[in-house]
Amino acid sequence: MFKRFNRLAIELPTPTNPDANAAAAVQELLGGRFGEMSTLNNYMYQSFNFRKRGKLKPFFDLVSSITAEEFGHVELVSHTINMMIYGTTHPGDVNDAPMAAATDKRNTQHFIGTAQTSFPFDSMGKAWNGDYVFSSGNLLLDLLHNFFLECGARTHKMRVYEMTSNPVAREMIGYLLVRGGVHVLAYAKAIEMVTGVDIKKMLPVPDLENSAFETTRKFEAEGVHRKLYTFSDTDYRDIALIWAGQHPLGGPLETVIGAPEGAPMPELRSISEEFAPGISHEDFMQIAERLKKNAGIS
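Basis of the calculations
- Residues numbered from 1 in each chain as written.
- Predicted model: local features only at pLDDT ≥ 70, side-chain atom pairs only at ≥ 80, totals over all residues.
- Heavy atoms only, no water.
- Phe/Tyr/Trp six-rings, centres within 6.5 Å; stacked < 30°, edge-to-face > 60°.
- Helix = DSSP H or I, 4+ residues; strand = E, 2+ residues; numbered from the N terminus.
- Buried < 20%, exposed > 50% of the residue type's maximum accessible area, 1.4 Å probe, protein only.
- Lys NZ or Arg CZ within 6 Å of the ring centre and 35° of its normal.
- Core = buried A, V, L, I, M, F, W, Y, C linked by side-chain atoms within 4.5 Å.
- Contact = heavy atoms within 4.5 Å.
- Expected span 1.5 Å × (residues − 1).
- Patch = residues over 30% accessible without salt bridge, like charges linked within 9 Å, V, L, I, M, F, W, Y side chains within 5 Å.
- Areas by Shrake-Rupley, 256 points an atom, 1.4 Å probe, with all protein chains shown as cover.
- Salt bridge = Lys/Arg side-chain N within 4 Å of Asp/Glu carboxyl O.

### Description of the packing of aromatic side chains
Each aromatic ring pair is described using two quantities: the centre-to-centre distance and the angle formed by the ring planes.
Here's step 1: In the structure shown here, the tally under the stated rule is 11 aromatic pairs.
Here's step 2: Relative to F48, the ring of Y45 has its centre 5.4 Å away and its plane inclined at 75°; by these criteria the two rings are edge-to-face. Taken together, the residues span about one helical turn, with Y45 and F48 both in helix α3 (residues 36–48) at a distance of three residues.
Here's step 3: With a centroid separation of 5.8 Å and an interplanar angle of 65°, the aromatic rings of Y229 and F231 are classed as edge-to-face.
Here's step 4: By relative accessible area, which is 26% here, F231 ends up partly exposed.
Here's step 5: The ring centre of Y161 lies 4.1 Å from the NZ or CZ of R170, which sits over that ring.

Structure representation (structure tokens):
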């Protein structure tokens, strides 16, 4: 089971200008083949289907704990997209085409289908596909796949970073480059435990060095690249049997019991021209009265 917290992985900067076309590119990091929907569902089903979890518990714990982190990454990318799109259109008389600006944007689904919010599709609007999930039942094969998946996800993040200077996108990508590097290294170490082969030397793809990306530096200064979380107060602690030793770039690896502190969740504001959420001030006051009455508050 998952225990959910109403916190975002990191605090995102408040955007000053809408950037719907860049948000369309960021969608690849959510719903593309190597996006966060894929990492979440790959690891989630591998953890559901894991065989001999008693004898192979450190590997089960690793996949399970990373699954929980990926849920937060889906949430983080989604909020980034939401914040980037807001402000593209404006309130107005429906007959004056207040959403005309949307016709010039790459992904009109953001305006027609989702009321200027994220959705599990890629940068071209193709829906995320369950065919992207790999769960073979063979431990080594799944770990190799996960290493490859994290390398692909990391490469795509680097490319999208270079496509936009939007501060919200870059803050999010900087953090996920650091955390994705953790997952690359974790799966590489797990494969080494199973096979005795140092896969970091055999397949150094991609380089774990992040210093070229400006928004990664503060996270690495905080040691975020050396921490692997259990995302549980009591379970999955055997990740420490894999996540041990020194980081390739220096410093000790650290297993942290629980989850990161996180940051306040952004408030998603009303967009009246989208009829979202479709609750007027008068409606809200009536709802508030009904809620108080239902709770026995006069």
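### Considerations on the nonpolar core
Here's step 1: Counting residues in each nonpolar core, the largest one holds 36 residues, and the members touching the most others are L12, V26, L76, V77 and M172.
Here's step 2: Elements with a contribution of two residues or more to this core: α1 (20–26), α2 (28–31), α3, α4 (57–85), α6 (139–163) and α7 (167–195).
Here's step 3: Considering each element in turn, this core owes the most residues, eight residues, to α7.
Here's step 4: The contact partners of V77, leaving out residues within four places of it in the chain, are V26, L29, L30, E36, M172 and L176.
Here's step 5: Grouped together as the second largest cluster of nonpolar side chains are 29 residues, F147, V182, V184 and L208 included.

### Describing α3
Here's step 1: End to end, α3 covers 18 Å across 13 residues, agreeing with the expected 18 Å (1.5 Å per residue, within 8%).
Here's step 2: Burial of α3 is extensive: 11 of the 13 residues sit out of reach of the surface.
Here's step 3: All of the buried residues in α3 are E36, M37, S38, T39, L40, N41, N42, Y43, M44, Q46 and S47.
Here's step 4: Close packing links the buried residues of α3 with α2, α4, α6 and α7.

### A few points about a nonpolar patch on the surface
Here's step 1: There is a patch of nonpolar side chains on the surface, built from I279, F284, M285, I287 and L291 and spanning about 470 Å² of accessible area.
Here's step 2: Note that I287 resides in helix α10 (residues 281–294).
Here's step 3: Note on I287: relative accessible area 32%, which makes it partly exposed.

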